[in-house]
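# An overview of the molecular structure
So you can see what is in the structure, the chains are spelled out below.
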Amino acid sequence: MLSYLIRRVFQSVLVLLAVGFVAFAMFTFIGDPIDNMLGQERTQEDVDRLRALLGLDRSFAEQYVRFLVSAAQGNFGVSYEQGRPVATILAERAPATLELAAVSGLFALTMGIVLGVFTAIRRRGIAATAIMAFSLIGVSLPTFLIGILLIYLFSVQLGWLPSFGRGDTVEIGGWTTGLFTGSGLKALILPSITLGLYQMTLIMRLVRAEMLEVLRADYIRFARARGLAERTVTFRHALKNTLIPVITITGLQLGSLIAFAIVTESVFQWPGMGLLFINAIQFVDIPVMAAYLMLISVMFVGINLVVDLLYVAVDPRLRT
């Protein structure tokens, strides 16, 4: 187990280095931030002085090494647009994105497992058939279109929920949250459903498929032959073995919630890291873009590492 953990950590470090290199290389060639930072009356001396101040006059290799060393120390430089440390800006935006991803993940995981088990047990029922047909919407429609439809229905037509913003928030130990305010909870409903609907339908279909396969296994027939209650057979024996492959997919999907929150945050003007990234692209704010992508990569790699360890812990056969 220890050797497996060391090997996975080493692989994770290599992935982060590769992602950092690709991100820094792409962002370096998408434009010159000097054009946005200086006005039309600039002189060549002003350009050279600002380029030297930002370290853009150095070679690509020097800039990349400097970026990695600073990032390892938690220093991602200064935003070209706001003139503030990038770490401070991300710390201000991170609670909104993580809160949205957490609520969306909880919605996707809970509803996905419940509906997956229900449609497997009642697979020939009318309700299960309707749920499977409805799940095609979550799989087929793009996220931005789902968000627009929800805004049109619940905000424009019915007026029940806000169409943008985060609502009122409270600060608890330096962490801002809208879970303890009425307007914050209302503002969270539509974005969380929009972001988690695809993951929910994916988990539901996976649970249903695995559940149908497990229910046909010999040990399930033996458990029923012993006279065990159907609820015990379903939830204690079948569901436990069904969740083994679900853990891997769920972990990957929870990581993608944070990465793909960009579209949802843009539609609902949610003040998170995704919206910050979109604004940084428009301004060619390279430090913010590179720091965001590195942070998302760390979250993805960390979640995958935890999922791999949980997978080994759940399935004893993998320990050998």
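A quick note: this is a predicted structure, and the numbers were derived from the prediction, not measured.

### A look at the side chain of Ser135
Relative to the assigned elements, Ser135 resides in helix α6 (residues 126–140). Only 3.0 Å separates the side chain of Ser135 from the side chain of Arg205, close enough to count as a polar contact. For Ser135, the residues in contact, after removing those within four places along its chain, are Thr201, Met204 and Arg205.

### Here we look at unusual backbone geometry
Unusually for a residue other than glycine, Gln269 sits at a positive phi of about 50°. Turning to its location among the elements, Gln269 is positioned in the loop between α11 (261–268) and α12 (273–283). Residue Gln269 is classed as partly exposed on the basis of its relative accessible area of 43%.

### Digging into the pattern of salt bridges
Pairing is possible between side chains of opposite charge, provided their charged atoms come close. Enumeration according to the criterion identifies 2 salt bridges in this entry. The salt bridge involving Arg84 is made with Glu92; its shortest N-O contact spans 3.0 Å. Note on Arg84: relative accessible area 30%, which makes it partly exposed. Between Glu99 and Arg166 there is a salt bridge whose closest N-O contact spans 3.5 Å. One end of the pair, Glu99, is in helix α5 (residues 86–121); the other, Arg166, is in the loop between α7 (143–157) and β1 (170–172), with 67 residues separating them in the sequence. Overall, the relative accessible area of 9% leaves Arg166 in the buried class.

### Quick notes on the packing of aromatic side chains
In the structure shown here, the tally under the stated rule is 2 aromatic pairs. Relative to Trp160, the ring of Phe154 has its centre 6.2 Å away and its plane inclined at 45°; by these criteria the two rings are tilted. Judged by relative accessible area, which is 23%, Phe154 ranks as partly exposed.

### Re α11
Here α11 has its buried residues at Ala261, Ile262, Thr264, Glu265 and Phe268. Buried residues in α11, looked at end-on, bunch into an arc of 165°, giving them a common side.

Cut-offs and rules
- Residues numbered from 1 in each chain as written.
- Predicted model: local features only at pLDDT ≥ 70, side-chain atom pairs only at ≥ 80, totals over all residues.
- Heavy atoms only, no water.
- Helix = DSSP H or I, 4+ residues; strand = E, 2+ residues; numbered from the N terminus.
- Polar contact = N/O pair within 3.5 Å; in protein donor to acceptor, adjacent residues only side chain to side chain.
- Contact = heavy atoms within 4.5 Å.
- Buried < 20%, exposed > 50% of the residue type's maximum accessible area, 1.4 Å probe, protein only.
- Salt bridge = Lys/Arg side-chain N within 4 Å of Asp/Glu carboxyl O.
- Phe/Tyr/Trp six-rings, centres within 6.5 Å; stacked < 30°, edge-to-face > 60°.
- Arc of directions from axis to C-beta.

By themselves, these observations are geometric and do not establish any function.
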